[in-house]
Structure formats: C-alpha cells, structure tokens
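A structural walkthrough
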Amino acid sequence: MNSLTLGAALLAAVSLAAGQDPQDPTRKPAEGEKLSNDSCLGCHKTKADELKQKFVHDQFSEGICSSCHDSSAHGKLKRGKDTLCHKCHAAEKDLLESKSVHPPFRQDCTQCHNPHAGPNAKMLKTPADQTCFGCHKEMDAWRSYSSVHAPFKEGKCVQCHSPHATDNKPLLSKKAPDLCWGCHDASKDSIKAAHFKIDFEKSNCLMCHNPHASTNTKLVKKSQHYPFKEKNCAGCHLMQEGKPPELLAAPEKICRTCHGTKGAEPSLAMHHEPARESLCLSCHAPHASDHKACLKTLPPTLCYKCHAQAKEDMGLKTVHPPFKQDCTICHEPHSAAQKTLLKQPTPDVCYSCHKEVHASALKKVVHAPVAAGQCVACHKPHATDTKSLLLAEPNELCLSCHKELAQRLKSEIPHTAVAQHGCLECHVPHGADFKKQLSVGREELCAKCHKTDEIAGGRLIHFPVREGKCLTCHDPHASAAGKALKAGVDSLCTTCHSEKHKAFPHPVGVAPPPDMLLSDEVRKTLSAQGTMTCVTCHRPHSSNVPFFLASSMEAGKMCYECHRR
C-alpha cells in the first residue's frame, strides 16, 4: 500500500470513527486535515473551471487548498490578505521596506491578481495595461496624444515601472537618465544634435520630456520656459560642445535678468519666502513642465513641499474647497499687500465666494466679528473636524466669548432649546433683521415651540402674553427658578401686582397642611419647597375666568380644589 492510499485509508478511518462519510463534500474537515481539491470542489464547483485557465496558482493546481485556507474554520484564510502571500513570496515581503511602494501591493495582492487562476500572465485579473489603467484612468486618454512614448502606448508600464516597489519614485525600476539609456542611445548623432552636441548623458531627461505622452513633438512637456522654447539655451547657460552646460550665474540672478522683481514686488508688504530669496527653482521648472507657469507640480501638492501642516489638515473632516483645489484661489504665490499673502483683505477674500454671508453682513443686526470683518474669529480658513470650518462646536464657540452666559448655564437650569439644540436654534451667526440676531421676531420665535393656542387659548390673555413680551417673565437662556422664569413665581408676579397681593392676602409662600386633600393640578403648582404660589390659583398666560383664576368661583368650585372638607 503506497503512502497516498494509506493516507486515504487513515482519513476514511478517522471520518468513519467520527460518523462522517469521507466522500461527503459537506462534511466538517478533521482536526489537522489538509484540504484538497477533491474535498473542496465538491461544494465549490465553479472553482473547478478555473483549473482549466492558462495560468493557475501552484498551490491550487496541486490541490493543496489548505496552504492558504484554514481547514478548522471551513476555508477561511489563514492570515490577512496583506500577509498570506508573503508565506511563499518572501522576496516580495522584503520589498515592503522600499522607499516607494505601490498601495495595492501594500494593502491586498488580490486587487490586481486572481488568487486561484486566470487567463493573464502573473494571474492578473485583467491584461497588464488594463490593470494599470483601471486605477490610473486619466492616463489612458494620454495614449491618444500626438506624441506618445512607445512602451506607454503599448501598455508596457512594467518596462519602466516596478509593479510592486522600488527605491525610486514613482516606482521607476531605475532613476533617469539610466532608465532612458536602456533604450535610447545617447551616442547617436541625431540625439547629440538635438541637444546642441553638449554632454547631456548625466542630465535628467524628465526635466524637459514627459515620460508618457505630450501634445508636443519628442515628448517635450507642454509648458515651456520662453528661452527653452526658442532654443536659446545660451541665454542662461554657457554652451560648449562635448561639455555639460554651465549656468552663466546663480539661478536667482539669471531669473532676475528677465523677470526683475516680479517675484517680490518692493511696493508690497508681504513676500513669499522663495520669492523673497529668489529661490525660483523651488517651485518652477527651469526648462519645461506639464503644468502652467512651468510649475513643478500644481498646488496644493506643490505647497505641501514646505507647508507640511497643510497636508495633515487635508485629512480633517471638513476641508475648505479652495484649500483642496488650489491654494492660489485665495493666496498670491509671490507677493501681496495682506498677511499670509491673501489676494484681498478679509472679509473681501471670503465674500468673493460666500456672497450669502456678505448679504447677512448688511442686515440690521450684525454679529460683532462679522462687522469687524474677522471671519477667522470663528472659522478656520483651511480645514477642521467641525462643520462649517468652525474653530469649535457651535455652542462651545459662542460661549468662548459670552462667558457670563456660559457661567449661568453651568449654575442655573438651561432653557430646553439651549440645552437640547444650542445657540443656533434661535440665533443666526452672521446677521439678522431682528434684535440679538434672532432668526425671526421674539413672539414668532417662542411660538415655534410654545404653541400659541395652548398658551394663550383662553378668553382673557395676560398683558405680556398678548403683547408678545415673553421675556417680561422668562429668560431665554437659563433660570435659577425653573420654567425659564426670571425669578421665583411670587416675587415675579408682585413686581407688577404688589397692591393686589396686599388687598387679597390669601396665604402665599405657605405650605398646605399635610392632611389637606389637594387635587393633582394644584400639587403641580406648588413650589419646590411645597408652598403655595400665585399660580396655585391664577393662570399666568390666559384663562376663561375673571382675574385669570384657574377655575370658576361659582359654588366655590376653585376653593374646593384644596378645601374639600
């Protein structure tokens, strides 16, 4: 009996001992059993067709499913997708320490490769060129340009780039120009003539040529420095046949011969440091670029080179669209009259987009920071983790200035609207047509929550209620007395009705005797100390009974609410 037959017999014995049929594809694998195609494909029938593909993963073709899948957990992968492949592909694991790593390679090999089988080499899910252009979609259109690099046009991206990782950016298999000279012969007369017969073998070809495609001949980049475009190299360089070109002077001096003080206008107060120091080449390419004004890259990526914090801020929850798109929407790249190189002073630079805020600033009542043009008193200009680019959550931000109110909200009982919804439930933040920047008039505002027909539904309406003067008795933010009252019920009422209280000295501020049978309605009107108040007998907003009594005095009805015997 050979080892394979012996293994099958032992497996059958173990399975039968466990009450399982070894031929049953749905049975649970035994402890430590190696999964094979025979046991897996009984259920996973579609995988059987994959064995017929042109390229098949070795482990799959050899029927050792348990190399990747856990037999005790019904086929779950033994490790995460980012580490499982490294079990066999150890060399690729080492590549993860490279300086430039392809994100899919770091995250999940199956983004590009089929783990079982496929019709494409390396078991790629799609042909090589389609695999790359599946993510780099914008580059596919470049293949229709008038000048296209041959490997790129044919979709042979891996001729220049490593698909996984290298120490060269962006995933180049070698640095330029060594990579270029792998195909292009620098000794050819035609190439020498095109470069004025100078020694350019150690020059970076990518300073002038696009490695993929261009609308210019010979892959020359789209945006060209004027002397370069006119082939006037001698305007900046000392040109000697057979020797590398030398600059006629320091770069900052050469730039100024044509551009003067354009980078740092003396008449303007603020200068961008590279412009002030004439470090033009920190932002601009000297010969040609694929971007406007010969910029090396476009903002905001270009700006991140120095402004690292800005790059970090881009990861916050709320990002200002101009900050995400192009820093020069708001900032001058060279010089400006305003701090931080703003194109206009605040708030004008903000109003150029936020016209609705500008309209708010022209209303009758304007928030002090808005009136002063200090948008940044409340908002960050770039990014935050709060909505509307606020420096903090709305309530926290408001109370950072309104400190007295902040203290009251801690020590007193907040109005429900304030506690549950916050300042912006009643106030607008920039400007309004109503006092205190209320969104609508006070009467209408209170009625949004406190329905008028419930409060003032009686035949007789209390004067402050009838006039919409809710704040005569109530504080809109917080109260020490509860019910948002400005003071305790009795002292509040007697501020107006002092003489009435003396004329009708019914006990107020006195607790009813313990044996007094009070109705539930009456009990609700007692103070926190259990004493009677004015509202024990009177309704504060409206009533159908004279003197705003809680109920009719006919036959002593109201009195019987307390005096039942």
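The structure reproduced in this document is the subject of the present report. (Residues numbered from 1 in each chain as written. Predicted model: local features only at pLDDT ≥ 70, side-chain atom pairs only at ≥ 80, totals over all residues. Heavy atoms only, no water.)

1. Digging into the overall build of the chain
Put simply, the test is: Comment: elements are numbered from the N terminus, with helices defined as DSSP H or I runs of at least four residues and strands as E runs of at least two. When we talk radius of gyration, it's over C-alpha atoms, and the globule rule is simply 2.2 Å times the number of residues to the 0.38. Think of it in three bands: residues with accessible area under 20% of the maximum for their type are buried, residues over 50% are exposed, and the middle band is partly exposed, with areas taken using a 1.4 Å probe on protein chains only. In what follows, a contact means two residues having at least one pair of non-hydrogen atoms within 4.5 Å. For the accessible areas, the method is Shrake-Rupley and the probe is 1.4 Å, while residue cover comes only from the protein chains on display. His is not counted here, nor are the chain ends, while Lys and Arg score as positive and Asp and Glu score as negative. By convention, charge coordinates are those of NZ in Lys, CZ in Arg, CG in Asp, or CD in Glu.
Along the backbone of the chain there are 29 helices and 20 strands. A globule of 565 residues ought to have a C-alpha radius of gyration of about 24 Å, yet the chain, at 40 Å, is considerably larger. A principal-axis box enclosing the C-alpha atoms of the chain has dimensions of 120 × 95 × 35 Å. Classification of the 565 residues of the chain by burial places 29% in the buried group. Of the contacts formed within the chain by residues at least 6 apart in sequence, a portion of 49% connects residues at least 24 apart. Roughly 36600 Å² of accessible area belongs to the chain as shown, and the carbon and sulfur atoms make up 58% of that amount. The chain carries 72 positive and 59 negative side-chain charges, and their two centres are separated by 3 Å.

2. Focus: the side chain of Gln-59
Formally: Each polar contact in these results corresponds to two N or O atoms within 3.5 Å; when the atoms are within protein, one needs to be able to donate a hydrogen and the other to accept it, and residues that are neighboring in sequence are counted only if both atoms are side-chain atoms.
With respect to the helices and strands, the residue Gln-59 is situated in helix H4 (residues 58-61). A polar atom in the side chain of Gln-59 sits 2.9 Å from the side chain of Ser-67. Those residues within four positions of Gln-59 in sequence are excluded, and the remaining contacts are Ile-64, Ser-67 and Cys-88.

3. So, the pattern of salt bridges
Heads up, the condition is: Put simply, a salt bridge is a Lys or Arg side-chain nitrogen that is within 4 Å of an Asp or Glu carboxyl oxygen.
Per the counting criterion, the structure on display carries 11 salt bridges. We note a salt bridge from Glu-412 to Arg-408, for which the minimum N-O separation is 3.3 Å. Taking the shortest distance from any N to any O, the salt bridge between Arg-408 and Asp-475 comes out at 3.0 Å. Here Asp-475 lies in the loop between helix H26 (463-466) and strand E19 (478-479) and Arg-408 lies in helix H22 (residues 403-411), a separation of 67 residues in the sequence. Note on Asp-475: relative accessible area 14%, which makes it buried. Overlapping salt bridges bring together Asp-129, Asp-140 and Arg-143 as one network.

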